[in-house]
Amino acid sequence: IKEKYFNNHEYIKKVYEKKLKEIASKEINELVKYYYNMLKDEGIPLPIVEIRKMKARWGCCFPKQEKVKFNLSLIKTPIECVEYVVLHELSHFKYQNHSKDFYNFIEKYMFDWKERRKIKL
């Protein structure tokens, strides 16, 4: 940031969020590819990944569009949480609900998902 912008809080916020989005996109896309490779035999597609600000969710899945969206703030959480959210959203391509089968599917690939979900953020 140039010295002339040091007191421009809006500009600093925009620069910060742009950099945060770059980092989040890189890291989350790598995790999506990692879990996709683990899950592709389950019929799960390699989705389009979108990172954006969200008020109430860590992520959401759009199976018909083969797309997943992740909250920009997710990258500020421990990696265990990011991994859980990525697996959770990819699992929605197989189960579009939160049934027992859905959570059994997650457990098949992440035995400690319950502990990860309980991490205080």
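Details of the structure are given in the entry above.
One numbering rule holds for all chains: residues counted from 1, following each sequence as written. Under the rules for a predicted model, residues below a pLDDT of 70 receive no local features and side-chain atom pairs below 80 are neither given nor counted, while totals for whole chains, interfaces and linings still include all residues. In computing side-chain values, all of the structure's heavy atoms are included and hydrogens and water are not.

S.K.: Account for the sheet that holds strand β2 (residues 59–62), naming residues and giving values.
M.R.: One open sheet holds the three strands; their spatial order is β1-β3-β2, and the pairing between them is mixed. Each end of this open sheet is capped by a strand with a single partner; those strands are β1 (48–52) and β2. The average undirected angle you get between the axes of adjacent strands in this sheet is 15 degrees. Packed on one face of the sheet, helix α1 (residues 9–39) meets β1 and β3 (67–71) and runs near 145 degrees to β1. DSSP bridges decide pairing: two strands pair if at least two such bridges lie between them. A helix here means a DSSP run of H or I that spans at least four residues, while a strand means a run of E at least two residues long, and both kinds are numbered starting from the N terminus. To get an axis, fit a line to the C-alpha atoms, keeping to the stretch in contact for a helix; angles then go from 0 to 180 degrees between the N-to-C directions. The contact definition used throughout considers only heavy atoms, calling two residues in contact when any of these lie within 4.5 Å.

S.K.: So, the packing of aromatic side chains: which residues are in play, and what are the values?
M.R.: The pairing test for Phe, Tyr and Trp rings, Trp by its six-membered ring, is centres within 6.5 Å, and the orientation test on the planes gives stacked under 30 degrees, edge-to-face over 60, and tilted for anything in between. Evaluation of the coordinates by the stated rule reveals six aromatic pairs. Taken together, a centroid distance of 4.9 Å and an interplanar angle of 80 degrees make the contact between F102 and Y103 edge-to-face. Per residue, the accessibility class of F102 equals that of Y103, and both read buried. Ring centres of Y103 and W113 lie 4.8 Å apart, and the angle between their planes is 20 degrees; this geometry places the pair in the stacked category. A residue pair is termed long-range when its members are at least 10 positions apart, and Y103 in helix α3 (residues 100–109) and W113 in helix α4 (residues 113–117) qualify at ten residues. The classification of residues rests on relative accessible area computed with a 1.4 Å probe and restricted to protein chains. Under 20% of the type maximum is buried, over 50% is exposed, and intermediate values are partly exposed. The class for Y103 is buried, based on a relative accessible area of 16%. Through a chain of ring-to-ring contacts, the aromatic side chains of Y84, F102, Y103 and W113 assemble into a single cluster.

S.K.: So, the pairing of β3: which residues are in play, and what are the values?
M.R.: Most of β3 sits inside the fold, with five of its five residues counted as buried. Alternating positions in β3 separate into two faces, K67, K69 and N71 on one and V68 and F70 on the other, with burial throughout. With five bridges connecting them, β1 and β3 associate as parallel partners. Counterpart to R52 in the pairing with β3 is N71. As paired strands, β2 and β3 are joined by four bridges and run antiparallel to one another.

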